[in-house]
Each structure stands twice: as structure tokens, then as C-alpha cells.
Amino acid sequence: MTSSLPNGQREIARILRWNIDHPGIIEKNPAVDLAKWTLEIDGEVENPIKLTWSDFRRLSASDCVADFHCVEGWSITGCKWRGVKLTELAGIVQPKAKAKYVSFSCYDGYTTSLGLAEALQEHVLLAFELNGQPLDEALGGPVRVVVPDKYAYKSAMWIKRIVFTETRELGYWEKKGYSQTADVWKNDRFAQWRKRRF
Ligand SMILES: Nc1nc2c(c(=O)[nH]1)N[C@H]1C(S)=C(S)[C@@H](COP(=O)(O)O)O[C@H]1N2
Ligand SMILES: [Mo]
């Protein structure tokens, strides 16, 4: 994987991840107590749910190895994530036919969104482990979304709520002119209006 980074990306060492200052972070590391942690999944679904930590950990888990690409140009290769597939959760809540998008909101107030088909790709995970360790709070623990092949601003840390919607809600970075689709293999970084302005 190291030999095939997308255009405009350079590899950095895994250890540096903890030192990067993310301008996107609204409030650094919202401490989420596992006893109080909940994940709500609702919107245009047949069976809205609110999971506690023990509910969530009873769901079957899967592994995914993927490179991680920030839109600012750094990549970390070979991240070994373990988590619950979003398709698994969608199977429980049953999105209605009119659900076309998925919005993610986080314990730090951050938001992002995906098209339904993008969100329901098999490799999209709600990760609770990275490289065999419980996911560090600084990297989005206890649970974050991981969306391989999209710039990392789509991979919401400290996930709190997932809402299936009929229309697209723009997230924190998307409102500032970053791409809604964010496909790393197409160098798809900015919204059209932002490309015209800069
Ligand atoms: N809740 C939340 N999720 C977020 C962000 C954020 O500020 N808040 N920043 C995004 C951006 S821009 C990046 S690069 C990655 C950083 O993830 P990492 O700390 O695991 O490298 O998280 C993404 N998810
Ligand atoms: Mo980023």
C-alpha cells in the first residue's frame, strides 16, 4: 500500500499522529465516560435505536486495514481498525426508502455526512480499536467512524449520533468549501464554489 499513495499525499510515521494539530478539532478530546456513552441512530429509519457501550460491544465486530489520508496532505499507511460495520447497524435500524444521506455528529460538536451508498460500503466501520489497542481518546475513542478512500474529515471521531436523512446536511468542513464526496483517488478535495474562488 505504501507504494501507491493517492496524488498529493505523503506518508508520515504512525507515531506522529498524536502530535498533529488538527485545525478541525473544535474541542480537543471530549472525555466520554463509557458509563455515559451512547450512540443514537435515527432519522428516516424504521427502528431508531440508542445503544449503550455494552449494547454496542455485543454487536459482531470486523477488521479493516486501510490507509488514512488527511486532506492537508499527510497519510498514515496500514491502519488496522476493528469495529462494527455501519451496514450491520443499518440492518438493525432499517433505513426507509427515502433515506438518501447519512449525517454523523460527534461529542465535540463536529459533523460530517455521506451519501447512503458511500456510507453503506462494507469497509465503513465504527471503530473501537486501532492496531490491537482500544482506540485512544486523542484519536476519537471510544468509537469513531472510519471511511477508507475518503479524506479523513469524513471519518468522524467521538461519534455520538448517526441520522439517516432525505436531504444532505453539510458538515463542519463541507460548509467551509471542502468536497462532499472527498474521494482520495480523484484528488477530490474542494467544493466547486471554492475551486472557483481560490
Ligand atoms: N469529531 C471530530 N472528528 C474528526 C475531526 C474533528 O475535528 N472532530 N477532524 C477530522 C480530520 S480533519 C482528521 S485529519 C481526522 C484526524 O484523525 P486522527 O487524529 O486519527 O489522525 O479526524 C477527522 N474527524
Ligand atoms: Mo484532516
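Above this note sits the structure.
Rules used throughout
- Residues numbered from 1 in each chain as written.
- Chains lettered and ligands numbered in written order.
- Predicted model: local features only at pLDDT ≥ 70, side-chain atom pairs only at ≥ 80, totals over all residues.
- Heavy atoms only, no water.
- Near = heavy atom within 4 Å.
- Polar contact = N/O pair within 3.5 Å; in protein donor to acceptor, adjacent residues only side chain to side chain.
- Areas by Shrake-Rupley, 256 points an atom, 1.4 Å probe, with all protein chains shown as cover.
- Nonpolar A, V, L, I, M, F, W, Y, C, P; charged D, E, K, R; others polar.
- Core = buried A, V, L, I, M, F, W, Y, C linked by side-chain atoms within 4.5 Å.
- Buried < 20%, exposed > 50% of the residue type's maximum accessible area, 1.4 Å probe, protein only.
- Helix = DSSP H or I, 4+ residues; strand = E, 2+ residues; numbered from the N terminus.
- Contact = heavy atoms within 4.5 Å.
- Pairing = 2+ DSSP bridges.
- Axes fitted to C-alpha atoms, helices over the stretch in contact; angles between N-to-C directions.
- Salt bridge = Lys/Arg side-chain N within 4 Å of Asp/Glu carboxyl O.
- Patch = residues over 30% accessible without salt bridge, like charges linked within 9 Å, V, L, I, M, F, W, Y side chains within 5 Å.

**Q** Explain the site of ligand 1 to me, using residue names and the numbers behind them.
**A** For ligand 1, the set of nearby residues contains 19 residues, the closest of which are Gly24, Asp108, Arg144, Ser155 and Met157. Taking Ser155, its main chain carries an N or O atom lying 3.0 Å from a nitrogen atom of ligand 1. Protein chains bury 99% of the 540 Å² of accessible surface belonging to ligand 1 in isolation. Across the shell around ligand 1, the residue classes tally to 13 nonpolar, three polar and three charged.

**Q** Which residues make up the nonpolar core, and what values do they have?
**A** In this structure, Leu39, Phe56, Phe104, Leu126, Ile159, Ile162 and Phe164 are the most contacted members of the largest nonpolar core, which totals 38 residues. Looking at this core, the elements that each hand over two or more residues are strand 2 (38-43), strand 3 (49-52), helix 2 (86-93), strand 6 (101-106), strand 8 (125-130) and strand 11 (159-165). Here this core gets four residues from one element, more than from any other, and that element is helix 2. Beyond its immediate sequence surroundings of up to four residues, Leu39 is in contact with Ile49, Lys50, Leu51, Phe56, Leu126, Ile159, Lys160, Arg161 and Ile162.

**Q** Run through the side chain of His69, naming residues and quoting values.
**A** Note on placement: His69 falls in strand 4 (residues 62-69). A polar side-chain atom of His69 sits 2.7 Å from a polar atom in the side chain of Ser75. For His69, the contacting residues outside a window of four places in its chain are Leu5, Pro6, Gln9, Trp74, Ser75, Lys150, Tyr151, Ala152 and Val184.

**Q** Run through the sheet that holds strand 2, naming residues and quoting values.
**A** With mixed pairing, the five strands of this open sheet are ordered in space as 3-2-11-6-7. Each edge of the sheet is formed by a strand with only one pairing partner; in this case those strands are strand 3 and strand 7 (111-115). Pairs of neighbouring strands in the sheet enclose a mean axial angle of 15°, with direction left out of account. Both strand 6 and strand 11 contribute to a ladder of six bridges, which runs antiparallel. Within the sheet, the bridge partner assigned to Cys106 lies in strand 11 and is Ile159.

**Q** Outline unusual backbone geometry, listing residues and values.
**A** Note the cis peptide between Gly141 and Pro142, where omega equals 15°. With respect to the helices, strands and loops of the structure, Pro142 is situated in the loop between strand 9 (133-134) and strand 10 (144-146). One non-glycine residue, Trp158, lies in positive phi territory at about 45°. By the element assignment, Trp158 lies in the loop between strand 10 and strand 11.

**Q** Could you give an account of the pattern of salt bridges, with specific residues and numbers?
**A** Inspection of the entire model under this criterion finds eight salt bridges. A salt bridge links Arg82 to Asp63; the shortest N-O distance between them is 2.9 Å. In this pair, Arg82 sits in strand 5 (residues 74-85) while Asp63 sits in strand 4, placing the two residues 19 residues apart along the sequence. Accessibility expressed as a relative area gives 27% for Arg82, which makes it partly exposed.

**Q** Residue-level account of the environment of His69, with values.
**A** Judged by relative accessible area, His69 falls into the buried class, the value being 3%. For His69 and Val184, which are 115 residues apart along the polypeptide, the C-alpha to C-alpha distance reads 7.4 Å.

**Q** Any details on a nonpolar patch on the surface? Residues and values, ideally.
**A** Taken together, Ile15, Leu16 and Trp18 make up a surface patch of nonpolar side chains, about 310 Å² in accessible area. Within the fold, Leu16 resides in the loop between strand 1 (10-11) and strand 2. With a relative accessible area of 38%, Leu16 lands in the partly exposed category.

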